[in-house]
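Residue-level structure breakdown
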Amino acid sequence: MRVLLVGAGGVGTAITRIAARRSFFEAMVVADYDPARADAAVAALDDGRFGAERVDASDESAVAELLRRNNCDVLLNATDPRFVMPLFRAARAAGAGYLDMAMSLSHPHAERPYAQCGVKLGDDQFAQAEEWAKAGALALVGMGVEPGLSDVFARYAADELFDEIEEIGVRDGANLTVDGYDFAPSFSIWTTIEECLNPPVIYEAGRGWYTTEPFSEPEVFDFPEGIGPVECVNVEHEEVLLVPRWVDARRVTFKYGLGREFIETLKTLHLLGLDRTGPVTVPSAAGPVAVSPRDVVAACLPDPATLGERMHGKTCAGTWVRGVKDGAPREVYLYHVVDNQWSMAEYGSQAVVWQTAVNPVVALELLATGAWSGAGVLGPEAFPARPFLDLLTAYGSPWGMREQ
């Protein structure tokens, strides 16, 4: 397998460090708009299978040419969701497979954003599913940790733990702290703003997908391995759009443990219009320039990839499932916890980016060995869960299950 990895930020760099320990691929080209980042990721490995290139992720023709020139079998997208569609189309144009960790962007309903869906996450990709299937090509979408591993957990629960599923609820929480910062998100603030301020989506059988207010339906969820109780709220996320396509459940939700201070900060950004992605004109020494307010916010905050040495605690991604097994009610929480101290010592990557990065590498290995195969635009739920969970454990990062 020959891989083009687009994006050499925190997650992309963690991907290279994880993949370097595995033998399933022949080559990995690491490409970024900033060639210094790609060069640094490759130089740190001392592994001849890796090479660095510069590419603009929004330039479809350049990405397709890079895929062809390096005879790449698959494009692994480690950029933010703005670049999903150009990279998705570039892979199809070059005849390569595709894998991402976040799906194409949503657009709220024009009149009723907090009641009806507009364009949903992933709709633009699923609109091209027939084209991919006819070509016998695979686009594996939403294959990070959330979405990704959380979806694998949903499939595992359906296949092995339940006869009927009432609700699947992804629940994400952490007790991470960062020394020296009052506000320092552990993941891309651009992506965090996108998913937290858009109308959350809920799925119910018989009703389908519908939206609600941001940060609605707060609940306190008790996370395992010492993290403890965290208040979680509804947030827009891909799992709610993916799980019902392959898993039979009466209700699907996603709730994120953000914390009151984080929620209030996001609300303030929205109130001031600083979450907007469209350009605004501001004065500068060189004259008026057009900038995106959200890009300015991101530039003012520390790069999450650089926070590992200052970070303490654990992060937990998991899937809570309620239903019936052998005629009796059952409720479980399937989860994956990463301790920042461990991920920094073992890989030099902070916990959140490492937890995101390990899952696409596991998926690539399953595709390379043939344990997973398929064609079209497919989510993680479309594949058997057990091979993935077994290989994740073999990577040295076991998962857990708690009966509720």
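This text follows the structure it describes.
So, here is what we can say about the structure in this document. Because the structure is a prediction, the values reported are computed rather than measured.

This part covers the side chain of R294. Mapped onto the secondary structure, R294 falls in helix 11 (residues 293-300). Relative accessible area serves as the criterion here: at 5%, R294 is assigned to the buried category. At a separation of 2.8 Å, a polar atom in the side chain of R294 contacts the main-chain carbonyl oxygen of D275. The contacts of R294, once residues within four sequence positions are left out, are W190, I193, E194, L274, D275, R276 and T277.

Residue P147 follows E146 across a cis peptide bond; omega there is 0°. Mapped onto the elements of the fold, P147 is located in the loop between strand 6 (138-140) and helix 7 (149-161). Look at D46: it is not a glycine, yet its phi comes out positive at around 55°. Locating D46 in the fold gives a position in the loop between helix 2 (35-43) and strand 3 (50-54).

So, about the pattern of salt bridges. For the structure shown, the criterion picks out 29 salt bridges. In this structure, the salt-bridge partner of D163 is K325, at a minimum N-O distance of 3.6 Å. In this pair, D163 sits in the loop between helix 7 and strand 7 (164-174) while K325 sits in strand 17 (residues 314-325), placing the two residues 162 residues apart along the sequence. Among the charged side chains, a network of salt bridges with common partners joins E167, R171, E204, E217, E219, R251, K255 and R322.

By size, the foremost hydrophobic cluster in this structure holds 88 residues, and its most contacted members are I15, M28, V30, L258, W372 and F388. Here the element with the most residues in this core is helix 13 (residues 351-369); it accounts for 10 residues. For M28, the contacting residues outside a window of four places in its chain are V3, L5, I15, T16, A19, R49, F50 and G51. Of all hydrophobic cores here, the second largest spans 29 residues; its members include L75, A91, A96 and L242.

Looking now at the pairing of strand 5 (residues 97-100). Of the two faces of strand 5, the one carrying G97 and L99 and the one carrying Y98 and D100 are both buried. As defined by bridge partners, strand 4 (residues 74-77) adjoins strand 5 across four bridges and the pair is classed as parallel. Among the inter-strand pairings, V74 is bridged to a residue of strand 5, identified as G97. Note on the crossover from strand 4 through helix 4 (residues 84-94) to strand 5: the handedness is right-handed. Of the pairings in the sheet, the one linking strand 5 to strand 6 comprises two bridges and is parallel in character. Each residue of the ladder has a partner; that of L99, found in strand 6, is L140.

A separate point is a nonpolar patch on the surface. A surface patch of nonpolar side chains, amounting to about 320 Å² of accessible area, comprises L271, L272 and L274. By secondary structure assignment, the location of L272 is in the loop between helix 10 (260-271) and strand 14 (280-282).

Turning next to helix 3 (residues 60-69). Within the span of helix 3, buried status applies to V63, A64, L66 and L67. All buried residues of helix 3 lie within an arc of 160° about the axis, which places them on one face of the element. Summarising the contacts, the buried residues of helix 3 are in contact with strand 1 (2-6), strand 2 (27-32), strand 3, strand 4 and helix 4. Directly after helix 3, the chain includes N71, whose backbone phi takes a positive value near 50°.

Rules used throughout
- Residues numbered from 1 in each chain as written.
- Predicted model: local features only at pLDDT ≥ 70, side-chain atom pairs only at ≥ 80, totals over all residues.
- Heavy atoms only, no water.
- Helix = DSSP H or I, 4+ residues; strand = E, 2+ residues; numbered from the N terminus.
- Buried < 20%, exposed > 50% of the residue type's maximum accessible area, 1.4 Å probe, protein only.
- Polar contact = N/O pair within 3.5 Å; in protein donor to acceptor, adjacent residues only side chain to side chain.
- Contact = heavy atoms within 4.5 Å.
- Salt bridge = Lys/Arg side-chain N within 4 Å of Asp/Glu carboxyl O.
- Core = buried A, V, L, I, M, F, W, Y, C linked by side-chain atoms within 4.5 Å.
- Pairing = 2+ DSSP bridges.
- Right-handed = clockwise from strand over helix to strand, strands pointing away.
- Patch = residues over 30% accessible without salt bridge, like charges linked within 9 Å, V, L, I, M, F, W, Y side chains within 5 Å.
- Areas by Shrake-Rupley, 256 points an atom, 1.4 Å probe, with all protein chains shown as cover.
- Arc of directions from axis to C-beta.

Such coordinate-based values are descriptive only and should not be taken to indicate function.
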